[in-house]
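Listed below, chain by chain, are the residues.
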Amino acid sequence: MNQTETRRPDFDFENFTFGVQSTDRMLMAAYKQGEWSDYRIAPVQSVSLSPLAMCFHYGQTVFEGLKAFRMTDGKINVFRMESHWKRMNRSLERMAMPPLPRNLFMDGILELLKMESDWVIDDPDYSLYIRPFVIATESKLGVDASQEYLFMVVLSPMRAYYNKPLKVKVETEYIRSARGGAGAAKNGGNYGASLLPQINAKKEGFDQIIWLDAQEKKYIEESGTMNILFLLSGETLLTPSLSDSILDGITRDSLLKLAREEGFTVEERPVAIEEIIQRIENGERVEAFGAGTAAVISPIETISFKGKAFATYLEADAGMYRLKNKLSSIRKGLNPDTYGWNQLLDA
Ligand SMILES: Cc1ncc(COP(=O)(O)O)c(C=O)c1O
């Protein structure tokens, strides 16, 4: 490990593009003959795979995305780590891949973070993004579940820039996932299939898509790679109920819990796009926002449906900002962690 070259002294923490630079070390483990072994933390390196490796052909790839923060007391906090481990195992199960033992995921990531702790700087807008993933590595053509896998974790610096409110378009041609599909899993294929509609929407001047259900194209599912929530009249937080075509977002879950604490009424139920449009047309105050680990919440400015744009409520007193601040404060240790969401590391 002492040969690990550190890129940290040359890294410009003020000015960088997310996702391009990893830290110096990574976590790796291999699955063979029914068990995980060969666990190691190593310098970030390329991996060599046979062109017959099954991940190149049949889509058995699963990933997670979580974050580490430097708390005000100097400790490192990995937010809702256990929930991310559980979701990763649900994704792996759906993709006929072997589960990751708790200690491999949790202790492995904490050990990696301990070694890379100087990449978790004390800055309110900074976090270290953690990307665990598993790929099928057996060298064999033929559609089947691989017998061999590689688990890896890489870390990448992230900075929260002011994110301007999104112009979103309701996608009425393509769908993200159908009932019985794999939409609730974080497998690579879901993301590959979402690219073309997303690129088309960008060409039309939109920032993001709202996905509708596959059966009736009537009910809202998600927005791009975020869950979607609406705050109605500053009182009721409404979001589509979970199903096997929606990702069970951890930010969504956190916000729903905090919203109840704040005295909002929470409704999880099918949400027809027509209902939202009608509420806006009736002059109701409708806040709309995406929720995800990357930005916590991304406010939506307009929702375009069948060629017409509908404006949502974005003023400074919008309740969504209160929810965002509450969640961000817990992650940073400025508000009490009453749900046990913070996984702390002295490093
Ligand atoms: C499709 C999709 N929906 C929602 C989310 C938000 O999930 P989370 O809050 O756990 O980041 C993500 C991000 O992981 C996603 O990829």
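For clarity, every value in this text was computed on a predicted model and none was experimentally measured.

### Brief notes about the nonpolar core
Here comes step 1: Counting 78 residues, the largest nonpolar core has A68, I109, I210, F230 and L255 as the members making the most contacts within it.
Here comes step 2: Counting residues domain by domain, this core receives three or more from each of domain 1 (8–160) and domain 2 (166–332).
Here comes step 3: Those residues in contact with F230 that lie beyond four places of it in its chain are L238, I276, V286, E287 and A288.

### Notes on the packing of helix α1 (residues 81–94) against helix α2 (residues 102–115)
How two helices sit against one another is set out by the angle between their axes and by the gap between those axes.
Here comes step 1: Contact pair α1 / α2: the axes reach a minimum separation of 10 Å and the direction vectors enclose 140 degrees. Relative to α2, the element α1 is oriented oblique. Read as a crossing pair, α1 and α2 show a hand that is right-handed. Taking contact as the criterion, the partners of M81, E82, W85 and M88 in α1 are, on α2, R102, F105 and M106.

### Some words on the site of the ligand
Here comes step 1: Lining the immediate environment of the ligand, one finds 13 residues, of which G249, I250, T251, G292 and T293 sit closest.
Here comes step 2: Here the element with the most residues in the shell around the ligand is helix α4 (residues 250–261); it accounts for three residues.

### Looking at unusual backbone geometry
Here comes step 1: Of note, the phi angle at Q33 is positive, near 45 degrees, even though the residue is not glycine.
Here comes step 2: Positionally, Q33 belongs in the loop between β1 (25–32) and β2 (35–43).
Here comes step 3: Using a count of 7 C-beta atoms within 10 Å as the deciding quantity, one classes Q33 as exposed.
Here comes step 4: Phi angles above zero are rare outside glycine, and R80 is one such case at about 50 degrees.
Here comes step 5: Relative to the assigned elements, R80 resides in the loop between β5 (76–79) and α1.

### Observations concerning α2
Here comes step 1: For α2, with 14 residues, the first-to-last C-alpha span of 20 Å sits near the 20 Å given by 1.5 Å per residue.
Here comes step 2: Of all the positions in α2, only F105, G108, I109, L112 and L113 are classed as buried.

### Regarding the pairing of strand β11 (residues 227–232)
Here comes step 1: Burial analysis of β11 places six of its six residues in the buried class, the great majority of the element.
Here comes step 2: Pairing analysis gives three bridges linking β11 to strand β12 (residues 236–239), with the strands arranged antiparallel. Across the sheet, residue L232 finds its bridge partner in β12, namely T236.
Here comes step 3: Taking the residues that link successive antiparallel strands as the turn, the β11-β12 hairpin has three residues, and the phi of S233 there is positive, at about 50 degrees.

### Topic: the packing of α4 against helix α6 (residues 319–332)
Here comes step 1: Following both chains from N to C, one finds α4 and α6 inclined at 110 degrees, their axes separated by 10 Å at the closest point. Relative to α6, the element α4 lies roughly perpendicular. On α6, the residues that touch S254, L255, L258 and A259 of α4 are L323, K326 and L327.

### Things to note about the domain arrangement of the chain
Here comes step 1: You can read the domains of the chain as domain 1 (8–160) and domain 2 (166–332).
Here comes step 2: Between the C-alpha centres of domain 1 and domain 2 there is a distance of 27 Å.
Here comes step 3: Contact residues are listed per partner, giving 23 residues for domain 1 and twelve residues for domain 2.
Here comes step 4: For the side of domain 1 that touches domain 2, the leading source of residues is α1, giving six residues.
Here comes step 5: Along the lines of polarity and charge, the residues of the side of domain 1 that touches domain 2 split into nine nonpolar, eight polar and six charged.

Definitions and cut-offs
Residues numbered from 1 in each chain as written. Predicted model: local features only at pLDDT ≥ 70, side-chain atom pairs only at ≥ 80, totals over all residues. Core = buried A, V, L, I, M, F, W, Y, C linked by C-beta atoms within 7 Å. Buried ≥ 20, exposed ≤ 12 C-beta atoms within 10 Å, placed from the backbone. Domains from an automatic or database assignment. Contact = placed C-beta atoms within 7 Å. Axes fitted to C-alpha atoms, helices over the stretch in contact; angles between N-to-C directions. Helix = DSSP H or I, 4+ residues; strand = E, 2+ residues; numbered from the N terminus. Parallel < 35°, antiparallel > 145°, perpendicular 65-115°, else oblique. Left-handed = near helix turned anticlockwise from the far one by under 90°. Near = placed C-beta within 6 Å. Expected span 1.5 Å × (residues − 1). Pairing = 2+ DSSP bridges. Nonpolar A, V, L, I, M, F, W, Y, C, P; charged D, E, K, R; others polar.

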